[in-house]
Amino acid sequence: MSVTAAKGFEAAGVAVGLKSTGANDVAVVVNRGPKKVGAAVFTSNRAKANPIIWSQQVIGDGVVEAIVLNSGGANCFTGSFGFQTTHQTAEKAAELLGVGAGDVLVCSTGLIGTGDEVFRSKVLAGVEQGIAALSADGGDAASLAIMTTDSRPKRAVVTGDGWTIGGMAKGAGMLAPGLATMLVVITTDADLDPAEADAALRTATRVSFDRLDSDGCMSTNDQVTLLASGASGVRPDLDAFAAALTQVCRDLAEQLQGDAEGASHDIAIEVVGAASEEDAVVVGRSVARNNLFKAAIFGNDPNWGRVLAAIGTTDAAFDPYDVDVSFNGVRVCTAGGPDRPREEVDLTPRRTHILIDLRVGDAAATILTNDLTHDYVHENSAYSS
């Protein structure tokens, strides 16, 4: 049940016509627990949508009563009118819930530039209908409402020692670090204070969502939110909680990767032997963003030369002539030269593993990406709603 798996939460997903398909397009998640703790991380893009600007203000005190999310329109670059739409969305939810508007987060996703009077009226209607439909079983409906080009909802649940974490996510394109074109809501009934929730969320996102780099395109509306109700009455071991939260975030990130627009390969680029974790991330990301490499994977071609060419553009500490590269368990390059025959590599499975050993240290990191396909180009050239 994703965001309603944990105690103390209600959710709903309703259809108000933002999507031309008639599918659910407004979601509401409400914290009914004894605690109303919230934490969030946001896109690092300087171009931020109105809901991001609003939510960054709301999250400051660590108190969140509810979150409203819509698909079918990003409400980004819609001027002061669009910011007022976000403000009115929070005010409407607050009025109906009997809470303060400054404790209501707002998220939007869809086409940038969308957010006119018709959009506003539909979103406000969705808030009213969504709050009327709130239920302890509403998590699945909410996860459907936040989808855009997603082919399926993304949900994850992990149970700890007397507490539960549940989450939902949307995203299928513009997946790049500093989050991605994703909206994620994670709930827990663990008893946390705002600082603990914030620290755990940042620990988890650093090694999950921030390492998903499908196409190198950073969105304007990205937000990952953690809500804690304290309804279990259990104070968790903070290390155990952070580990469980990381598990949920990695699960959702891999689901986002697996649904990336038009992709035919899900690629894990594992970098080992780095001088630092930062170097490992930089090297992995250079490959994830290299269109020649991604096109080669689409063609089932283990072109390790494109890997070396990509990592050579970084300032990470390594000798390009002392690097090993393996594709799906076959080392095709060693010490910067040919090793096993390329014909030994089978790249037909969707799950693809690239191992890059820099041979200078003990640090490691894994970046998730996808191949570059005809379908990706088609979907992103045709997408306008």
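Values in this document were obtained by computation on a predicted structure and should not be read as measured data. In this numbering scheme, every chain counts its residues from 1 along its sequence in written order. Local features are withheld for residues below a pLDDT of 70 in this predicted model, meaning they are given only at 70 or higher, and side-chain atom pairs are given and counted only at 80 or more; totals for whole chains, interfaces and linings count all residues. To get the side-chain values, all heavy atoms of the structure are used, and hydrogens and water are removed first.

Our focus in this paragraph is the pattern of salt bridges. Counted as salt bridges are all cases of a side-chain nitrogen of Lys or Arg within 4 Å of a carboxyl oxygen of Asp or Glu. Applying the stated criterion to the full structure yields 20 salt bridges. Note that Asp259 and Lys154 form a salt bridge whose closest N and O atoms lie 2.6 Å from each other. Residue Asp259 is found in the loop between α6 (238–258) and β10 (266–274), and its partner Lys154 is found in strand β6 (residues 154–159); the two are separated by 105 residues along the sequence. Across the pair, exposure class does not vary: Asp259 and Lys154 are buried alike. Its salt-bridge partner being Asp324, residue Arg359 comes within 2.9 Å of it at the nearest N-O pair. With a gap of 35 residues between them, Arg359 in the loop between β14 (351–357) and β15 (363–370) and Asp324 in strand β11 (residues 324–327) connect regions that are remote in the sequence. In DSSP terms, a helix is any run of H or I states spanning at least four residues, a strand is any run of E spanning at least two, and both are numbered starting from the N terminus. Burial classes follow relative accessibility: with a 1.4 Å probe on protein chains only, a residue under 20% of its type's maximum area counts as buried, one over 50% as exposed, and anything between as partly exposed.

Two quantities define a packed helix pair, namely the angle between the axes and the distance from one axis to the other. It is at 8 Å that the axes of helix α5 (residues 194–206) and α6 come closest, and there the two elements cross at 45°. In terms of orientation, α5 and α6 fall into the oblique class. Viewed along their axes, α5 and α6 form a crossing whose handedness is right-handed. Here Glu196, Ala200, Leu201, Thr203 and Ala204 of α5 come into contact with α6, specifically with Leu238, Phe241, Ala242, Leu245, Thr246 and Cys249. Across the contact of α5 with α6, the residue classes break down as 8 nonpolar, 2 polar and 1 charged. Only the stretch in contact is used when a helix axis is fitted, and all axes are lines through C-alpha atoms; the angle between N-to-C directions ranges over 0 to 180 degrees. Orientation categories follow fixed angle ranges, with anything under 35 degrees roughly parallel, anything over 145 roughly antiparallel, 65 to 115 roughly perpendicular, and all other angles oblique. Crossings are classed by handedness, with left-handed meaning an anticlockwise turn of the near helix from the far one by less than a right angle and right-handed meaning a clockwise turn. Here, residues are in contact when the closest pair of their heavy atoms is within 4.5 Å. Ten residues, namely Ala, Val, Leu, Ile, Met, Phe, Trp, Tyr, Cys and Pro, are considered nonpolar, four, namely Asp, Glu, Lys and Arg, are considered charged, and the remaining ones, Gly among them, are considered polar.

So, on to the pairing of strand β8 (residues 183–188). Most of β8 sits out of view: 6 of its 6 residues are buried. The alternating pattern of β8 places Leu183, Val185 and Thr187 and Val184, Ile186 and Thr188 on opposite faces, both of which are buried. Of the strand pairs in this sheet, β8 and strand β9 (residues 223–228) are connected by 6 bridges, and their pairing is parallel. Each residue of the ladder has a partner; that of Thr188, found in β9, is Ala228. Here, a strand pair is defined by DSSP locating no fewer than two bridges between the strands.

So, about the environment of Glu343. Following the sequence through the fold, Glu343 ends up in the loop between β13 (337–338) and β14. Judged by relative accessible area, which is 70%, Glu343 ranks as exposed. Linking Glu343 and Ala309, residues 34 residues apart in sequence, is a C-alpha distance of 21 Å.

UniProt positions are given in the numbering used here, feature names are shortened, and annotations may be inferred rather than shown by experiment. Annotation from UniProt places "binding site: substrate" (unreviewed entry) at Thr148, Lys170, Thr181, Glu261, Asn380 and Ser385. On the secondary structure map, Glu261 appears in the loop between α6 and β10. Exposure remark for Glu261: the relative accessible area of 9% places this residue in the buried category.

Our focus in this paragraph is the sheet that holds strand β4 (residues 66–70). Pairing in this open sheet of 4 strands is mixed, and the strands run β1-β2-β4-β5 from one edge to the other. Each having just a single partner strand, β1 (9–14) and β5 (104–108) make up the two edges of the open sheet. Taking the axes of each pair of neighbouring strands and ignoring which way they run, one obtains an average angle of 10° across the sheet. As paired strands, β4 and β5 are joined by 5 bridges and run parallel to one another. Directly across from Ile67, in β5, lies its bridge partner Leu105. Sheet contacts for helix α2 (residues 79–97): β2 (26–31), β4 and β5; angle to β5, the most-contacted strand, approximately 135°.

Next up on the list: helix α3 (residues 117–132). When the terminal C-alpha atoms of α3 are compared, their 23 Å separation across 16 residues agrees well with the 22 Å that a helix rising 1.5 Å per residue should span. By the burial criterion, the buried members of α3 are Phe119, Arg120, Val123, Leu124, Gly126, Val127, Gly130 and Ile131. On an axial view of α3, the arc spanned by its buried residues comes to 155°, and they lie on one face. Against the buried residues of α3 lie β1, β2, β4 and α2. Pairs of N or O atoms are called polar contacts if they sit within 3.5 Å, as long as, within protein, a hydrogen donor faces a hydrogen acceptor (for residues adjacent in sequence, only side-chain-to-side-chain pairs). Where α3 begins, one side-chain oxygen reaches toward the backbone nitrogen of Val118, 3.2 Å away; that side chain belongs to Asp116. One fewer than the residue count of a helix, multiplied by 1.5 Å, yields its expected span. Regarding the arc, it is the one traced by the directions from the helix axis to the C-beta atoms.

Despite not being glycine, Asn75 shows a phi value in the positive range, around 50°. Secondary-structure assignment places Asn75 in the loop between β4 and α2. Taking the relative accessible area as the measure of exposure, Asn75 reaches 1% and is therefore buried. Of note in the backbone geometry, Phe77 takes a positive phi value of approximately 55° without being a glycine. Note on placement: Phe77 falls in the loop between β4 and α2. Taking relative accessible area as the criterion, Phe77 reaches 60% and is therefore assigned exposed.

Counting through the fold element by element, Thr85 comes out in helix α2. Separated by 10 residues in the primary sequence, Thr85 and Asn75 place their C-alpha atoms 8.3 Å from one another. Those residues in contact with Thr85 that lie beyond four places of it in its chain are Asn75, Phe119 and Arg120.

With respect to the element layout, Ser229 can be found in the loop between β9 and α6. Residues contacting Ser229, with those up to four places away along its chain left out, are Lys7, Gly8, Phe9, Asn31, Gly33, Pro34, Lys35, Thr188, Asp189 and Ala190.

Let us now look at the sheet that holds β13. Each strand in a sheet pairs with another by means of backbone hydrogen bonds, the pair being arranged parallel or else antiparallel. Reading across the sheet, the 6 strands line up as β13-β12-β11-β14-β10-β15 and stay open at both edges, with mixed pairing between neighbours. Edge strands, defined here as strands with exactly one partner in the open sheet, are β13 and β15. Looking at chain direction, β11 and β14 are connected through 4 bridges and run antiparallel. From the neighbouring strand, Val325 faces β14, where its bridge partner is Ile356. Lying on the sheet, α6 is in contact with β10 and β15; it crosses β15 at an angle near 40°.

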